[in-house]
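# Coordinates in review
Listed below are the residues making up each chain.
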Amino acid sequence: MAIETVTSTEAFKTLVEEIKASEGYREPVAFGIARVDRGQKNADKVLQANYAIVNWKENYGSAAIFIKALQESRVEVDFSGSEFVATIGDEFVKNAMNAFTPYLAEAVGEAHKNVQVIKTLAAMEDIGRNFRITFLFEDAAPRSVEAVYLKLYALSLGKAPLRGVNLNGAFGVLSNVAWVGNKPYELEYLRENEIEMKLNGTFPNIDSVDKFPRYLQHIIPADNTRILDTSKVRMGAQLAPGTTVMPGASYINFNAGTLGPVMVEGRISSSAVVGSGSDVGGGASILGVLSGTDGNPISIGENTLLGANSVTGVPLGDGCIVDAGIAVLAGTKIRIDEDQLEKIKAANPEADLEDKTVFKGAELQGLNGIHYRIDSLSGEMVARRSTREVKLNEELH
Amino acid sequence: MAIETVTSTEAFKTLVEEIKASEGYREPVAFGIARVDRGQKNADKVLQANYAIVNWKENYGSAAIFIKALQESRVEVDFSGSEFVATIGDEFVKNAMNAFTPYLAEAVGEAHKNVQVIKTLAAMEDIGRNFRITFLFEDAAPRSVEAVYLKLYALSLGKAPLRGVNLNGAFGVLSNVAWVGNKPYELEYLRENEIEMKLNGTFPNIDSVDKFPRYLQHIIPADNTRILDTSKVRMGAQLAPGTTVMPGASYINFNAGTLGPVMVEGRISSSAVVGSGSDVGGGASILGVLSGTDGNPISIGENTLLGANSVTGVPLGDGCIVDAGIAVLAGTKIRIDEDQLEKIKAANPEADLEDKTVFKGAELQGLNGIHYRIDSLSGEMVARRSTREVKLNEELH
Amino acid sequence: MAIETVTSTEAFKTLVEEIKASEGYREPVAFGIARVDRGQKNADKVLQANYAIVNWKENYGSAAIFIKALQESRVEVDFSGSEFVATIGDEFVKNAMNAFTPYLAEAVGEAHKNVQVIKTLAAMEDIGRNFRITFLFEDAAPRSVEAVYLKLYALSLGKAPLRGVNLNGAFGVLSNVAWVGNKPYELEYLRENEIEMKLNGTFPNIDSVDKFPRYLQHIIPADNTRILDTSKVRMGAQLAPGTTVMPGASYINFNAGTLGPVMVEGRISSSAVVGSGSDVGGGASILGVLSGTDGNPISIGENTLLGANSVTGVPLGDGCIVDAGIAVLAGTKIRIDEDQLEKIKAANPEADLEDKTVFKGAELQGLNGIHYRIDSLSGEMVARRSTREVKLNEELH
């Protein structure tokens, strides 16, 4: 069996509708074709998936064609689970090429990227067994390396929002490997060959040992984004255009990142999100759900400044300032003078702040326009209305 | 036309004088020949300039020869602007070789480096169009990538003092590129070829995405200088011999650096300068003109210790100590006891310190021998005379 | 002369006993065969030693065979010093192969690694002059590059305990070199070839300039160990299985490391040791003997938490907490309320704590279950009994 050459866009659309209407068919929420890196010792173990294109709640027609092309290549597609992954071969490529025929000529540049993938595969003599296709039928906990990577791509490409993807158990799915350039090596393989490699001078130059690769191994950032050291951004991080990541003490973990231009010289831990125009100062730490926030993921608003070596363990609103070297945690006691409290209330009309003079950090979380500082003569932590403008949401007030 | 073979050093000197006396001739303050990396998509765009030798207020004879060699190769040299850049070809090389003939034999090792450059180019079969010569006729805002790099080299080679070069607008001149080893790639080129590279397994291993390269991509440090991670020092930084840059939280930006042996485990922001024998502790931050110093560039004196995770936002003199974890900013209020104030005055005879007990950080800026600390029982920031010796300038007193 | 083929394991053992009984024979405490990298300019200068296997107080039989194989290859082994290093040749390999004959077949995987080394060398056509054998007869100050590396391997492989090896003078023995991947280059060689390399586009991509290589250039970590950036761990560090080193502000120097699973996001300075289950928070600094501890090497106990951007300058016991941003140094004054002091005493029955309310950091060093924090309203540093469980040593009480 095979898909025959489709000769018009109308015929293509008809074919897609037929496939979608077939019994048991289920529309994937995400899919993509990846070149995979396999274990040197255990070739059945996938160590990494390199997606040329990731489809996330889009391009359902191409998904239908890919599913049909698999089926016509005698691969039974299992729609019953949350995900399905299969090795593709030349027969799959031939089927997909036939189906995509009406689009082959125009599939260049930004147009028809899935078709470009098939064209590129068709141009290879034998695609071997290192190309895999992944379908996610729902956003459940990932069960395969290919599914984890598809989700990390979705985050890093900005196709899925931060904290918007189910990555439960991802650490258990991925193998811990030695990364040599873009290539992952099984540690056991290195151990077995250590004597020979050391004596022959071919022991590899390992960049890192981790379950995750780095962002720049897979993602091409926007023209105005800068990452001064690739080790500072893990795959699965999301960087809005205009973000700059300096090489000092900075780090952006997976499922963390920025929503607009942000200067990053500190740590954005997993699940933390920083708003547009904010500044994460040198050595500043935004705590993550696994490090001191009681599972409370931290959002930093827009136009907020985290001073050098400050530590932030509570969410902050827009236009805030945390002074250099200060730690604001959920339990930190903070004095607010009466006049400043009035100004803070004015900047946060929707907040319901008690009339008192000492607040815990957690009570102030998410508020706009607060300047956290320490009185250097008394050692007292105080909060004031910051000098930074806060744009109030006019619709609310 | 061509420069004919010069047969003696006297004839060479005569030729140089003739060139300098020619109408419209202008002596360049800096010049050099670079191998340039061009855009993969747009070959007219220069992405990087690799100078074998940089001449900064020196070697005016070689400059004259290079200008003449250009003119004799039918390149019109425009002396009217602040800089002039041109592609050189084999004809230029031939002319320069002819002029340098008396020096060819002795141009080895440290001698006659410009002649060595020409000899090396002459030994190539065809130099193509990737070699460019740059002349700066004044230290104005750079207008070309080649001029920016010439200035960054001057800083990093110690030929120009820190803060002594006009780099206004340099960020606008340079392209943001992906660095793969020493080679810059246009991001748009990567985007256009992403599908093919991902599927063929040839997607490059990107080290950084930035407008600037790293110091070690261009500069060979002194024998006793150590840089434990290349990402930690940007091109344009200046490291005096004996400086050590550790890999933890350190970073030295362009137009920043050290004036003698310094242990660097923290951040030296753009425009900050650290004196000989000082120690920038682990995670210590010296703020830059763009990050909290109100445009006041920070100098740290000699034999001064910035404790781990301290933050310094004001200039410091010699023999100071900032305790671990402390932030000293322009507005920080600091108590000084009467007896300590006397000792601080003795260490700073030229300073005009008021007789009072509370000072702002800005009032103490640049003073020698101050120890900044926090009283851990009262939380009060205090300054005392440090235990470090301060060498007074005998000529002044 | 030559070692003749040994035909049985009994004959092997007899040969070993004969060698050990020979006059002047001295058992080495450590030995190994390394492939060395030599200077590009000065081939007599060894820049790096790559050991396939390191023997540390073990495998004395193989040591005897290697010594005999050297002697039979006309190398006079000098037993009089603390170490002996010699270049090995094909004759040495032949002798050792003959002696190891009874073990050749079974020398695979984890068995008989020294025999595997010889087999691998025997399979090369000509081993040239880049293989060196090192014997340490005592743990004295190292005198050769090969001895320094042997000791760094012993530490990093966990064969010698942290602080358990004499590395006095190691910095003077090693050369400062440019590391390009795993290969060291003399800086002077780069300088001499800079013009040619820059113009030919062959200037190397330097990763670091240091006397030490990185841990991952020589060591394959345990399967559950993660090092997200190779620059963060220096050769000579020791990482217990399960340790994770994040890429933000972390760093682990040589002769420093972890004794069990530890999350490392901060700095573990030379000579510092962190116990199992502890957490070195983002940007946290553990001071080293050269940076503020008065030569007092710092041990951190088990299950202890160093908060983000904290600084620890005194040893800590088990179950301690240092709050984010706090510096605990030997001279820091710390208040302890009476009820908390009783609880701290209960957790430290062997300690002899005075009945008072203000302690210096040094007085509390090594105690278990202490929570160091700052009262954010008074600025006062206080210590309390932490909420973390401390396991008392039942045998002692």
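Because the structure is a prediction, the values reported are computed rather than measured. (Residues numbered from 1 in each chain as written. Chains lettered and ligands numbered in written order. Predicted model: local features only at pLDDT ≥ 70, side-chain atom pairs only at ≥ 80, totals over all residues. Heavy atoms only, no water.)

### A short note on the relation of the copies chain B and chain A
Filter applied, for reference: Copy-to-copy alignment: least squares on C-alpha atoms, limited to residues at pLDDT 70 or above in both. Contacts: residue pairs with any heavy atoms within 4.5 Å of one another.
Relative to chain A, chain B is turned by 120° and slid 0.0 Å along the rotation axis, the superposed coordinates differing by an RMSD of 0.0 Å. Within this description, the copies of the chain are treated as partners about a three-fold rotation axis. Here only 18% of the contact residues of chain B are again contact residues in chain A; the copies associate through non-equivalent surfaces.

### What to know about the interface of chain B and chain A
What counts here: A 1.4 Å probe defines the accessible area here, and the buried area is the portion of it lost by two parts on being joined, summed over both. Between Lys or Arg on one side and Asp or Glu on the other, a salt bridge is scored when a side-chain nitrogen of the former is within 4 Å of a carboxyl oxygen of the latter. Between N or O atoms, a polar contact is any pair within 3.5 Å; within protein, one atom must be a potential hydrogen donor and the other a potential acceptor, and residues adjacent in sequence are included only when both atoms are from side chains. What counts as a helix is a DSSP run of H or I of at least four residues, what counts as a strand is a run of E of at least two, and both are numbered from the N terminus.
Facing the 49 residues of chain B at the interface are 44 residues of chain A. Area buried by chain B at its contact with chain A is led by I195, K198 and L199 of chain B, which between them contribute 22% of it. For the pair chain B and chain A, the interface holds 3 salt bridges. In this structure, D223 of chain A and R191 of chain B form a salt bridge, with 3.1 Å as the shortest nitrogen-oxygen distance. At the boundary of chain B with chain A, the tally comes to 22 residue pairs in polar contact (both at pLDDT 80 or more). For the side of chain B that touches chain A, the secondary-structure elements that each account for two or more residues are helix 7 (187–200), strand 8 (208–210) and strand 23 (333–335) of chain B. With 9 residues, helix 7 of chain B is the largest single contributor of residues to the side of chain B that touches chain A.

### Regarding the packing of helix 2 (residues 60–71) of chain C against helix 3 (residues 90–100) of chain C
Residues and elements named next belong to chain C. Which entries qualify depends on this criterion: Simply put, an axis is a line fit to the C-alpha atoms, just over the touching stretch for a helix, and the angle between two N-to-C directions goes from 0 to 180 degrees. Roughly parallel covers angles under 35 degrees, roughly antiparallel covers those over 145, roughly perpendicular covers 65 to 115, and oblique covers all other angles. Should the near helix be turned anticlockwise from the far one by less than a right angle, the crossing is left-handed, and should it be turned clockwise, the crossing is right-handed.
Remark: helix 2 packs on helix 3, axes separated minimally by 8 Å, with the N-to-C direction vectors making an angle of 140°. When the interaxial angle is binned, helix 2 and helix 3 end up oblique. Crossing hand, helix 2 versus helix 3: right-handed. Residues S62, I65, F66, A69 and L70 of helix 2 form the contact with helix 3, whose participating residues are F92, N95, A96, A99 and F100.

### Some remarks on helix 7 (residues 187–200) of chain C
All names here are of chain C. To be explicit about the condition: Between the first and last residue of a helix there are one fewer steps than residues, each counted as 1.5 Å, and that sum is the expected span. Note that the bend at a residue is defined as the angle between axes fitted to the seven residues ending at it and the seven residues starting at it. Accessible area is worked out with a 1.4 Å probe on protein chains only. A residue is then buried under 20% of its type maximum, exposed over 50%, and partly exposed in between.
Taking 1.5 Å of rise per residue, 14 residues should cover 20 Å, and helix 7 covers 19 Å from first to last C-alpha, within 8% of that figure. Within helix 7, the axis deviates most sharply at N193, by approximately 65°. For helix 7, the full list of buried residues reads L187, L190, E194, I195, M197, K198 and L199. In the stretch just after helix 7, G201 is the one whose phi turns positive, near 75°.

### A closer look at the domain arrangement of chain A
Residue and element names in this part refer to chain A. Note the threshold: An automatic or database domain assignment supplies the residue ranges for each domain. Note that Gly is not counted as nonpolar here; it falls among the polar residues with everything else outside the nonpolar set of Ala, Val, Leu, Ile, Met, Phe, Trp, Tyr, Cys and Pro and the charged set of Asp, Glu, Lys and Arg.
Parsing chain A into structural domains produces domain 1 (9–172), domain 2 (180–210) and domain 3 (215–385). The distance between the C-alpha centroids of domain 1 and domain 2 comes to 31 Å. Taken together, the contact between domain 1 and domain 2 spans 8 residues of the former and 8 residues of the latter. Carbon and sulfur atoms supply 55% of the area buried between domain 1 and domain 2, which totals about 690 Å² over both sides. For the domain 1 face of the interface with domain 2, the top three residues by lost area are Q40, K41 and L47, together amounting to 73%. Here E192 ties to K41 by a salt bridge, and the two come within 2.6 Å at their closest N and O atoms. Viewed at the interface, domain 2 and domain 1 are joined by 6 residue pairs in polar contact (both at pLDDT 80 or more). Looking at side-chain class alone, the side of domain 1 that touches domain 2 contains 1 nonpolar, 4 polar and 3 charged residues.

### A look at the interface of chain A and chain C
Between chain A and chain C, the residue contacts involve 49 residues of the former and 44 residues of the latter. Where chain A abuts chain C, roughly 3500 Å² becomes buried across the two surfaces, and 56% of that area is made up of carbon and sulfur atoms. In terms of surface lost to chain C, no three residues of chain A exceed I195, K198 and L199 of chain A, which account for 22% of the buried area on that side. For the pair chain A and chain C, the interface holds 2 salt bridges.

### What about unusual backbone geometry?
All names here are of chain B. Located in the positive-phi region is S271, a residue other than glycine, with phi close to 85°. Looking at the secondary structure, you find S271 in the loop between strand 14 (267–268) and strand 15 (273–274). At N303, a position not held by glycine, the phi torsion is positive, near 60°. Tracing the backbone through its elements, the reader meets N303 in the loop between strand 18 (299–300) and strand 19 (305–306).

### Structural notes on the packing of helix 3 (residues 90–100) of chain A against helix 4 (residues 113–122) of chain A
All names here are of chain A. For the pair helix 3 and helix 4, the least separation of the axes is 9 Å and the interaxial angle reads 130°. If you check the angle between helix 3 and helix 4, you find them oblique. Read as a crossing pair, helix 3 and helix 4 show a hand that is left-handed. Only N114, V115, I118, K119, L121 and A122 of helix 4 make contact with helix 3, whose side of the interface consists of F92, V93, A96, M97 and F100.

### Some thoughts on the relation of the copies chain A and chain C
Each of the two copies of the chain can be brought onto the other by a rotation about an axis and a shift along it. You can overlay chain A on chain C at an RMSD of 0.0 Å; the transform is a turn of 120° with a shift of 0.0 Å along its axis. The overlap is low: 18% of the interface residues of chain A also sit at the interface in chain C, so different surfaces are used on the two sides.

### A look at a positive patch on the surface
This is how the line gets drawn: Here a patch means residues that are over 30% exposed by relative accessible area and free of salt bridges, tied together within 9 Å if like-charged and within 5 Å if nonpolar (Val, Leu, Ile, Met, Phe, Trp, Tyr). Computed by Shrake-Rupley with a 1.4 Å probe, the accessible areas treat only the displayed protein chains as cover when residues are assessed. His is not counted, nor are the chain ends, whereas Lys and Arg count as positive and Asp and Glu as negative. We put the charge of a Lys on NZ, of an Arg on CZ, of an Asp on CG and of a Glu on CD.
There is a patch of like positive charges on the surface, built from K333 and K360 of chain A together with K343, R373 and R384 of chain C. Along the chain, K343 of chain C turns up in helix 8 (residues 338–347). The exposure class assigned to K343 of chain C is partly exposed, which follows from its relative accessible area of 45%.

### Considering the packing of aromatic side chains
Residue and element names in this part refer to chain A. Condition: Note on aromatic contacts: the rings of Phe and Tyr and the six-membered ring of Trp form a pair at centre separations within 6.5 Å, being stacked when their planes are under 30 degrees apart, edge-to-face when over 60 apart, and tilted otherwise. Only lysine NZ and arginine CZ atoms are considered, and such an atom sits over a ring when it is within 6 Å of the ring centre and within 35 degrees of the ring normal.
Under the definition given, this model contains 42 aromatic pairs over all chains. Between Y185 and Y189, the aromatic rings sit 6.2 Å apart at their centres with planes inclined by 25°, giving stacked as the arrangement. The class of Y189 is partly exposed, set by a relative accessible area of 25%. Through successive ring pairs, a cluster of aromatic residues spans F12, Y25, F31, F66, F79, F92, F100, Y103, F135 and F137. Its guanidinium or amino end placed over the ring of F203, K198 lies 5.0 Å from that ring's centre, counting from NZ or CZ.

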